[in-house]
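# Coordinates in review
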Amino acid sequence: MSIVLAALDATHTAQSVLEVALRVGEMTDSRVESVHVPTGHNRSLTLPTDHADVPLHLLSGPREPAVLSAIDAPDVLAAVIGAKAAADDPRLLGTTARYIVERSSKPVVIVPPKLVTPVAFRRLLIPLEGTEASSRPVLERLLPLLATDVELIVLHVFTEATQPTMLDHPSRDLEIMGREFLTRHLPRQEASIELRPGPVGIRVAEVCDEHGADLIVLSWSQDSRAGRARVVREVLGGANLPILLLPLRGGRVGRDLSS
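Residues numbered from 1 in each chain as written. Predicted model: local features only at pLDDT ≥ 70, side-chain atom pairs only at ≥ 80, totals over all residues. Heavy atoms only, no water.

### Quick word on the sheet that holds strand S1 (residues 3-8)
Taking strand neighbours across the sheet as the criterion, the ten strands line up as S3-S2-S1-S4-S5-S10-S9-S6-S7-S8 in an open arrangement whose pairing is mixed. The strands lining the two open edges of the sheet, one partner per strand, are strand S3 (56-58) and strand S8 (191-197). Taking each pair of neighbouring strands and ignoring which way they run, the sheet shows an average axis angle of 25°. Across three bridges, strand S2 (residues 31-36) lies against S3 in parallel orientation. Its bridge partner being in S3, histidine 36 is matched across the sheet by leucine 58. (Pairing = 2+ DSSP bridges. Helix = DSSP H or I, 4+ residues; strand = E, 2+ residues; numbered from the N terminus. Axes fitted to C-alpha atoms, helices over the stretch in contact; angles between N-to-C directions.)

Structure below.
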């Protein structure tokens, strides 16, 4: 069985990270394990007694490389990590989270500092950029991970660059495009689609509230030159839900998540 790995620190976010990892484990039919790198002022970490069945592995060495090495293990399917230790930290991601998402070839779930953990991941919001080329890889990476029945809410956010042209009847034609997308890409999945103009961050927040989404799913190239990090930044900056990042190219270090 594959493993979902919870990367824990000694802050209050560890509980949320562990809870989200358990929900991801259920969704992917994976067992959950956890890792922690003790520091000079914090030599141990004790899991809550109600999670005594989750193995805790203490790692040695510099924190970021040690956690990344654990995630790279062949039996690890995905990782879960806190975005940052404090909600008032102006950075989108703390040092460790940024290091991991920029380098890991595995899916990584980012947990915001203030989070009410859902009982289960039942509704997944998938923001896309309105093009076939950007949509297909996301679904190809996501669908094999799912072992339970979930509802997929696809959100195509159209910008000036991706807005379809030459529509005779925009409202009707966009509705037809949406139905065709679901038929082509998600014929056997419970799914709905929303087609809206940008900006991405605002539209994601709107649709999350309207549909009661539990998890946001994004792909990104780990390469700022591809422009995908702009969408990741917008969603990270405004979301209060866990965000599943699906890397499309492992090992490429981005430069867009520093602020």
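### Points about the environment of glycine 61
Inspection of the secondary structure puts glycine 61 in the loop between S3 and helix H2 (63-71). As for glycine 61 and valine 37, which are separated by 24 residues in sequence, their C-alpha atoms are 7.7 Å apart.

### Notes on helix H1 (residues 13-28)
End to end, H1 covers 22 Å across 16 residues, agreeing with the expected 22 Å (1.5 Å per residue, within 8%). Burial of H1 is extensive: 14 of the 16 residues sit out of reach of the surface. Just beyond H1, the residue with positive phi is aspartate 29, at close to 55°. (Expected span 1.5 Å × (residues − 1). Buried < 20%, exposed > 50% of the residue type's maximum accessible area, 1.4 Å probe, protein only.)

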